[in-house]
Amino acid sequence: METPGSQSSLHRANLERVVRAVRLAGSLTQAEIARTTGLSAATVSNIVRELKDGGTVEVTPTSAGGRRARSVSLSGDAGIVIGVDFGHTHLRVAIGNLAHQVLAEESEPLDVDASSAQGFDRAEELVNRLIVATGVDRSKIAGVGLGVPGPIDVESGTLGSTAILPGWTGTRPAEELRGRLGVPVHVDNDANLGALGELVWGSGRGVKDLAYIKVASGVGAGLVINGKIYRGPGGTAGEIGHITLDESGPVCRCGNRGCLETFAAARYVLPLLQSSHGTDLTMEGVVRLGRDGDPGCRRVIADVGRHIGSGVANLCNLLNPSRVVLGGDLAEAGELVLGPIRESVGRYAIPSAARQLSVLPGALGGRAEVLGALALALSEMGDSTLLDGTLTAVTPAFT
């Protein structure tokens, strides 16, 4: 048993700091580990050597700033994480390792009217299929990240009211999937996971404060403050789709009038073009036609961008993020939508906040949420198992 404040407990704490930094980042040079953890370069060098000897990390030559360096990542066989993303019309599953490598990924259509039990049965089948396909050892599964398109109560884990998967309201998604897979499951809403995915793998890399705006069947935001997802005490932070733009506007599914969602979400936008483009039009189709020069689609995309920009301006005034990342099908419109967003931000946000803001399209497309689910599983797992394996594999530096 370690005594608090002893050399052995301090050494253990330093090991945990290094492993956690590498686990969350995927890979870091030893200099980056020192900056991230606040440990000295000599301490980091000794710890990395110990972890490498124990098989916990892998060290590969790289370069940084034109100089030779060593990149440190967790060993590819140190553990497995799984990501599951339920969307309006799809189910997507990915399997990755602790080195942030995606080993397999697959998606399939999902009937929005299917019951939650059917949805979780499908998820279990797809997870098992990918486990078999990759040949991973089930005993090495550290956890599962699960994304759902609706608010999750932080205390109870219950899915709140959602018009996107109406038959799922009141279910406990993490509990349901945990019972089927027999491993820890961590759940969050899709916008938060999109933010995590872009933060770790995409357009949010290198920043600590950002907002990920997802525009699809609904409109939501994932908020990252000081490098961490901000959920609020009830788990409903980021509901940017319900900012009021027009008190006399259309009635929203939340019961209010004129919410941002009623001016930007697909269910409200597509009817504007049905008389001229037919009833089979999708947001993906609107974006494609807009990029090809269709004047009606370009106008609708620009209008949506200006409305989103009004909501983003409010975020800027309140939270002052350094970056906003746009996700969902609409992000594929590029400057057709990003330009109007920036225009509204410049008009309605405090000038200093607007100057510091960059607005970018998501880099991950439809994969953002499932990769965010992998990142969630990585962030929630503990380091005890990894460290226990290291400490029994090598002679400790302190006894």
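Just so it is clear, the model here is predicted, and its values are computed rather than measured.

Q: Residues and numbers for a nonpolar patch on the surface, please.
A: A surface patch of nonpolar side chains, amounting to about 400 Å² of accessible area, comprises I225, Y230, L318 and L319. Its relative accessible area of 40% is what places L319 among the partly exposed residues.

Q: Tell me what's going on with the sheet that holds strand 12 (residues 323-327), and back it up with residues and numbers.
A: Reading across the sheet, the five strands line up as 11-10-9-12-13 and stay open at both edges, with mixed pairing between neighbours. A single partner strand is all that each edge strand has here, and the edge strands are strand 11 (228-229) and strand 13 (358-361). The pairing of strand 9 (residues 210-215) with strand 12 spans five bridges and is classified as parallel. Each bridged residue has a counterpart across the sheet, and for Y212 the counterpart in strand 12 is V325. Seen against the sheet, helix 11 (residues 295-319) touches strand 9, strand 10 (219-225) and strand 12 and runs at an angle of roughly 160 degrees to strand 9. In the packing of helix 12 (residues 335-348) onto the sheet, the strands contacted are strand 12 and strand 13, and the crossing angle to strand 13 comes to about 160 degrees.

Q: Hey, could you go over the side chain of T29 for me, with residue numbers and the actual values?
A: Positionally, T29 belongs in strand 1 (residues 27-29). Apart from residues no more than four positions distant in its own chain, T29 is found in contact with T62, A64, A69, R70 and S71.

Q: Which residues make up the pairing of strand 12, and what values do they have?
A: Counting buried residues in strand 12 gives five out of five residues, a clear majority hidden from the surface. Alignment of strand 12 against strand 13, held across four bridges, turns out to be parallel. Considered in strand 13, the bridge of V325 is made with L360.

Q: I'd like a rundown of the side chain of S344, residues and numbers included.
A: Inspection of the secondary structure puts S344 in helix 12. Every residue in contact with S344, bar those within four places of it in the chain, is listed here: R306, G309, S310, A313 and A349.

Q: Hey, could you go over the packing of aromatic side chains for me, with residue numbers and the actual values?
A: Applying the stated rule across the entire model yields three aromatic pairs. Aromatic pair F86 and W168: ring centres 4.8 Å apart, planes at 65 degrees, arrangement edge-to-face. You can see F86 sitting in strand 4 (residues 80-86) and its partner W168 sitting in the loop between strand 7 (141-148) and helix 5 (173-181), a full 82 residues away along the chain. Pair check on accessibility: F86 and W168 agree, each one buried. Between F120 and W168, the aromatic rings sit 5.1 Å apart at their centres with planes inclined by 45 degrees, giving tilted as the arrangement. Here F120, found in helix 4 (residues 116-134), pairs with W168, found in the loop between strand 7 and helix 5; they are 48 residues apart in sequence, far enough to count as distant. Residue F120 shares its accessibility class with W168, and that shared class is buried. Among the aromatic residues, those joined into a ring-pair cluster are F86, F120 and W168.

What counts as what
- Residues numbered from 1 in each chain as written.
- Predicted model: local features only at pLDDT ≥ 70, side-chain atom pairs only at ≥ 80, totals over all residues.
- Heavy atoms only, no water.
- Patch = residues over 30% accessible without salt bridge, like charges linked within 9 Å, V, L, I, M, F, W, Y side chains within 5 Å.
- Areas by Shrake-Rupley, 256 points an atom, 1.4 Å probe, with all protein chains shown as cover.
- Salt bridge = Lys/Arg side-chain N within 4 Å of Asp/Glu carboxyl O.
- Buried < 20%, exposed > 50% of the residue type's maximum accessible area, 1.4 Å probe, protein only.
- Pairing = 2+ DSSP bridges.
- Helix = DSSP H or I, 4+ residues; strand = E, 2+ residues; numbered from the N terminus.
- Contact = heavy atoms within 4.5 Å.
- Axes fitted to C-alpha atoms, helices over the stretch in contact; angles between N-to-C directions.
- Phe/Tyr/Trp six-rings, centres within 6.5 Å; stacked < 30°, edge-to-face > 60°.

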